[in-house]
Amino acid sequence: MWNFFHKKNEVIVPELKDYTHRLLWVKVIFIFVFIGAAVRLVQIQILDASKYQDIAKKQYEVRVPLHAQRGNIYDRNGNLLVSNSQFVSFSANPKFSGQYARKIAERFSKITGKPIKEYLEKLQSSKRYVVLEKAMRPDEAEKIPVDSLVGVVKSNEPVRLYHYNERLGQVLGTINAEYVGVSGIEQQFDKELRGVDGYVVLQKDGKNRARPSTDYPREDPVNGNSLELTIDLTYQSIAEEELKRGIQRTQAEAGLVVILQPQTGEILALANYPPVNLNEIKSVDLLRNRVVSDMYEPGSVFKIVTASAALQNNVTTLDKKFYAENGSYKVQLAGNKMRTISDTHPMKDITFMEAMAYSSNIVMAKVSNLIGPENLYNEARNFGFGMTTGIELPAEINGQLKKPVEWSGTTLNTIAYGYEVGVTPLQIAAAYAAIANDGMLMKPYIVKREIDPLGNEVFVHEPTKIRRVTSRETAQQVKTMLESVVEFGTGGVVKLPTVTIAGKTGTSRKYVDGKYESGSYNASFVGFFPAEKPELVCLVMTEKPKVGYTGAVASAPIFKAITERIINNNGLIAKTVTTPLQETTNKEDKSIEVVPDICGRTVNDAVRILQQHGFQTKIYGKGDEVMRQYPAAESIVERGTYINIMMDEETPLLAGMQKVPDVHGMSVRRASNNLAANHLGVTIIGSGVVVNQFPGSGTAVKVGARVTIMCEPKALTAAQLY
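The structure reproduced in this document is the subject of the present report. Fair warning: this is a prediction, and the values are worked out from it, not measured in the lab.

### Description of the overall build of the protein
When its secondary structure is counted, the protein shows 22 helices and 34 strands. Classification of the 722 residues of the protein by burial places 48% in the buried group. For the protein, long-range pairs separated by at least 24 residues make up 70% of all intrachain contacts whose partners lie at least 6 apart in sequence. Element-wise, carbon and sulfur atoms account for 52% of the exposed surface of the protein, whose accessible area totals about 36200 Å².

The following block contains the structure:
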C-alpha cells in the first residue's frame, strides 16, 4: 500500500538541500559585493579623495576671472588718445527664444532702430548661440528689458576706445577679440599695457546662483601701465588734415608725413593716408604703417648723402663748377654700352651748390666718381641707411643698401641721385635731422614714458645719440645747400617770409614687379626750419600723384601748408620769431643786419651795397644784372655773412622757342593773362597769389608749352617756433 507520508519525506529533503546551497551562494555574492563596495569606498574616500574633491568643488564653486584694465595712451601734452570702457552685449539661444522671436525682435528694433527682420533671422537660426547686439553703450542697454525676454542673456564687455577715430590710426594700432594688441603701439607694448588678470572663487547655492564668500581665495588684477607718446596731437591733426587735402588735390593713391625734433629724435607727428578708423576697422590693410614698413627708391632727397660725402672727403667745394652737359650726359659702360643720365633743368656750367638747388643728377653722378664707392657707401651707412632706426613700432624694415662688391657698373652714379637704394621714409627723415643737428644722428623714438596705475614713472625715454654722421662744418655746408634749394631752386614753393626753410625735393619712378612702372612716381619734399637753428624736420611723400608728379608740385605745397599752420598757431611753440620789420625796429644786437634788396642791380652796385652793410659776397653765373640773391632781402643775419648773388645768364632762343615770363606774386587772373599773351598755356594749382612757377622765369620753352603756377593765400606774418 502506498505510503503518502513516506513519499512526501523523500521529496522534501532534496529541496531543503537546494535552498541551503542557494542561500550559501547568495551570502557569498553579498560578501563579494560588500568587499567591492568597501574597496570602491576606500578608493574614492582615501586613494582618489583629491580628485573627487575637485569634482565636488566644481559643483558648488566657480572661479571667475577678474580682467585687468588695459593701460591708457596719451600724447605728450596729456591728451587721452586711448582708454577703456564697459559696454554691454546681448546674446540668445534660439532653441529657448525661438517661440518668442517676434517679441524679442520688436523690442530690440525699437531701441536700436535696426530692422526687425535682422533680429528674426538670428533668433530663427539653427545655432545654439547668437549675438543680438555687441558693445552697446550702457545707457542704450538699460532700455532693453532683458528680464522679460526669454532666453536673452546680458553680459558686460570691455571695449577699447580710440578717442580720435582716424587720428594716429596706424601708430596706435588695435587689439583682437582676446584683448591682445595686434598692430602699432598696442602690439609693441602689449605686455606693458595688458597687465595681469586676477580671479575670485564664488560658492554656488542650490539654485546654481554664485555668491561671494570670505572663505574662498581672491587674487586682484594688476592693471596695465599707461604710455605717454612723444606725439603732439595738434601737430598730428595738422599733418593729417593737410595730407588729406594734398592727396585730394594731386589725386595720389597714398601719402605720409613725418615730423620730428632733430635734437632729440622725438616723433611729433606721423600720418598715413588712407587713414584707418580704429573704432570701425574696414580693412586690415589700412593698418599698415608705410613710414616704417614700406621701402622706396628715394630719388633726389638722397643727394644729401652724396653732398655730405663729397664735402667731408674734400673732393669739391660749394662754389666749384661742373659742366651739367646741357641736360643730357652719356656714360660709357662695359661692353661698349652707353647710358644716358638726364636733368629736368638743362644747364651748362653750374656750381656744386647750384647742382643741389636745381637737382642736377648729372653733376651728382660726376661728383660720385670723385667720391668713390667705399666713401659713398660708408657715408650712406653712417646716415643709417640699410638698417632699422630702432623706433618702438612693429614691422620696421632695414631698407636696402648693397655693399660696393655687389655694385654694378651703374650703381655708383645711380646711388648718387637716389636710385638702386631702398629706404624707409623714417630713415630719410632721420638723415635730414642729422644734418639739422650739426651732423649728429639721433635715434627716433615715439614713446616718451611709461606710467604705472599709481602714477609712478616706470620708464622715461632719454634722447639717444647714435653716431656723428659728418662734421659740424660739413653739416653746415649741406644745410646751406638745402637753403639754396628753397631760396632759388626747385623748392621755392615752400619759401615763407617769416622763417628760413632748408629742404629738398625728390621725385622717383616706382619700381613694380622688376621694372619701372610707366607714369608712376613717388614725390617727396623734406626740410627743416628755422634753418639757422632747426627745431622741426618734416617729410612729406605722395605715391603715384596724377596732378603734378614731381616733389615740387605734389608734396612741397603740403609741406608749406603744414609749416604755415605750425608757425602761426599761437601758443604751440615756445619762442616767437619776429618779422623783419619788428627786428629792424627793435634791434639791439649790433652784430646782426637786415639784408638789402639787390635784385635788378648791376653786379658792381650789388657788391658795393652789400659791403656797406658789412656782408661778404659770392657771385654765381654771368650777366648784366642780379636775378636772385640768397639769403633773401629783409632776412636778418649776422654781419660778415656771405650773400650769394645769382646773375642772369642769357641763352640764345632757338626758332619756335619762348622765354617764360616771371609771374611770381601775381593774382591767378593776371598771371594767366600774362602767360596767354606770351603764347603759353597754364595749369593752375591752388588759389590766391602765385608763389612759384614751373618752368621758372627766363626758361626757354616751346611756344604753346604749359606753365604750372602754384598759388597760395597770402601768408601770415606772425609766427611762433620751438
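Having seen the structure, we can now continue with the description.
### With respect to the environment of Thr-230
Examined against the element boundaries, Thr-230 turns out to sit in the loop between β9 (226–229) and α10 (233–250). Sequence separation of Thr-230 and Arg-449 is 219 residues, and the distance between their C-alpha atoms is 8.6 Å. The residues contacting Thr-230, other than those within four sequence positions of it, are Arg-76, Glu-266, Ile-267, Leu-268, Tyr-445, Ile-446, Val-447 and Lys-448.

### Comments concerning the packing of helix α4 (residues 101–112) against helix α5 (residues 116–123)
Interhelical geometry of α4 versus α5 gives an angle of 140° and a closest axis separation of 8 Å. One element, α4, and the other, α5, form an angle in the oblique class. Regarding α4 and α5, the two cross each other, and that crossing is right-handed. Contacts from Ala-101, Arg-102, Ile-104, Ala-105, Glu-106, Phe-108, Ser-109 and Thr-112 of α4 reach α5 at Ile-116, Tyr-119, Leu-120 and Leu-123. Class assignment for the residues of the contact of α4 with α5 results in 8 nonpolar, 2 polar and 2 charged.

### Comments concerning the packing of helix α17 (residues 425–436) against helix α18 (residues 472–488)
Where α17 contacts α18, the axes come no closer than 8 Å and their chain directions differ by 115°. When the interaxial angle is binned, α17 and α18 end up roughly perpendicular. Of the residues in α18, those in contact with Tyr-432, Ile-435 and Ala-436 of α17 are Ala-475, Val-478, Lys-479 and Leu-482. The class makeup of the residues in the contact of α17 with α18 is 6 nonpolar, no polar and 1 charged.

### Quick word on the packing of aromatic side chains
Taken as a whole, this structure holds 9 aromatic pairs when the rule is applied. Centroid distance Phe-90 to Phe-108: 5.4 Å. Interplanar angle 80°. Geometry classified as edge-to-face. Separated by 18 residues along the polypeptide, Phe-90 in strand β3 (residues 80–92) and Phe-108 in helix α4 bring together distant segments of the chain. Like Phe-90, the residue Phe-108 is buried in the burial classification. Ring pairing ties together the aromatic residues Phe-90, Phe-108 and Tyr-119, which thus form one cluster. Positioned above the aromatic ring of Tyr-329, the side-chain terminus of Lys-366 is 5.0 Å from the ring centre.

### Side note on the sheet that holds strand β20 (residues 502–512)
Within a sheet, adjacent strands bond to each other through the backbone by hydrogen bonds, running parallel or antiparallel. With respect to topology, 5 strands assemble into an open sheet ordered β11-β10-β22-β21-β20, the strand pairing being antiparallel. For this open sheet the edge positions go to β11 (267–273) and β20, each flanked by a neighbour on one side alone. Across the sheet, the axes of successive neighbouring strands diverge by a mean angle of 10°, strand direction being ignored. Taken together, the 8 bridges between strand β21 (residues 515–529) and strand β22 (residues 536–543) define a ladder with antiparallel strand orientation. Pairing of Val-526 across the sheet is with Leu-539, part of β22. Those strands touched by helix α19 (residues 551–567) are β10 (254–260), β20, β21 and β22, and its axis lies near 25° from that of β21.

### So, α5
Considered for burial, the residues of α5 that qualify are Tyr-119, Leu-120 and Leu-123. One face of α5 carries all of its buried residues, which in axial projection span an arc of 105°. In α5, those exposed residues whose orientation departs by more than 90 degrees from the buried face are Lys-117 and Glu-121. Its buried side turned inward, α5 meets β3, α3 (94–97), α4 and β4 (130–136).

### Things to note about the nonpolar core
If you look at the biggest cluster of nonpolar residues, it comprises 92 residues, and the most contacted ones within it are Ile-185, Phe-352 and Ile-446. A per-element tally of this core places α17 first, with 10 residues. With 32 residues, the next largest nonpolar core counts Ala-239, Ile-247, Val-553 and Phe-559 among its residues.

### Topic: the side chain of Ser-520
Positionally, Ser-520 belongs in strand β21. Judged by relative accessible area, Ser-520 falls into the buried class, the value being 2%. A polar side-chain atom of Ser-520 sits 2.9 Å from a polar atom in the side chain of Glu-517. The contacts of Ser-520, once residues within four sequence positions are left out, are Ser-508, Arg-509, Lys-510 and Lys-544.

### Some thoughts on the pattern of salt bridges
Evaluated as defined, the whole model comprises 28 salt bridges. Of the charged contacts, one joins Glu-253 and Lys-544 as a salt bridge, the two residues approaching to 3.4 Å between their closest N and O atoms. Of this pair, Glu-253 sits in the loop between α10 and β10 while Lys-544 is found in the loop between β22 and α19, placing the two residues 291 residues apart along the sequence. Classification of Lys-544 by relative accessible area gives partly exposed; the value is 22%. Through salt bridges with shared partners, a single network forms among Arg-167, Glu-240, Glu-241, Glu-242, Arg-245 and Arg-565.

### Description of the environment of Lys-504
Mapped onto the fold, Lys-504 is located in strand β20. With 24 residues separating them along the chain, Lys-504 and Phe-528 place their C-alpha atoms 9.7 Å apart. If near-sequence neighbours (up to four positions away) are discounted, Lys-504 is found in contact with Ser-300, Val-301, Lys-303, Met-356, Ser-359, Tyr-432, Leu-482, Val-485, Thr-490, Ser-524, Phe-525 and Val-526. One polar contact links Lys-504 to Ser-359, side chain to side chain, over a distance of 2.9 Å.

### Describing unusual backbone geometry
That bond from Tyr-273 to Pro-274 is cis: its omega, 10°, falls within 30 degrees of zero. Despite not being glycine, Gln-251 has its phi angle at roughly 60°, a positive value. Within the secondary structure layout, Gln-251 lies in the loop between α10 and β10. Backbone geometry places Ser-359, a non-glycine residue, at a positive phi of 55°. Structurally, Ser-359 can be placed in the loop between α13 (352–357) and α14 (361–371).

### A word on the side chain of Ser-555
Mapping Ser-555 onto the fold places it in helix α19. The class of Ser-555 is buried, set by a relative accessible area of 0%. Among the polar contacts listed, one links the side chain of Ser-555 to the backbone oxygen of Ala-523, at a separation of 2.7 Å. Within polar-contact distance, the side chain of Ser-555 engages the side chain of Thr-542 at 3.2 Å. Leaving out residues up to four positions away in the same chain, Ser-555 has contacts with Ala-523, Ser-524, Phe-525, Val-540, Met-541, Thr-542 and Thr-550.

Calculation rules
Residues numbered from 1 in each chain as written. Predicted model: local features only at pLDDT ≥ 70, side-chain atom pairs only at ≥ 80, totals over all residues. Heavy atoms only, no water. Helix = DSSP H or I, 4+ residues; strand = E, 2+ residues; numbered from the N terminus. Buried < 20%, exposed > 50% of the residue type's maximum accessible area, 1.4 Å probe, protein only. Contact = heavy atoms within 4.5 Å. Areas by Shrake-Rupley, 256 points an atom, 1.4 Å probe, with all protein chains shown as cover. Axes fitted to C-alpha atoms, helices over the stretch in contact; angles between N-to-C directions. Parallel < 35°, antiparallel > 145°, perpendicular 65-115°, else oblique. Left-handed = near helix turned anticlockwise from the far one by under 90°. Nonpolar A, V, L, I, M, F, W, Y, C, P; charged D, E, K, R; others polar. Phe/Tyr/Trp six-rings, centres within 6.5 Å; stacked < 30°, edge-to-face > 60°. Lys NZ or Arg CZ within 6 Å of the ring centre and 35° of its normal. Pairing = 2+ DSSP bridges. Arc of directions from axis to C-beta. Core = buried A, V, L, I, M, F, W, Y, C linked by side-chain atoms within 4.5 Å. Polar contact = N/O pair within 3.5 Å; in protein donor to acceptor, adjacent residues only side chain to side chain. Salt bridge = Lys/Arg side-chain N within 4 Å of Asp/Glu carboxyl O.

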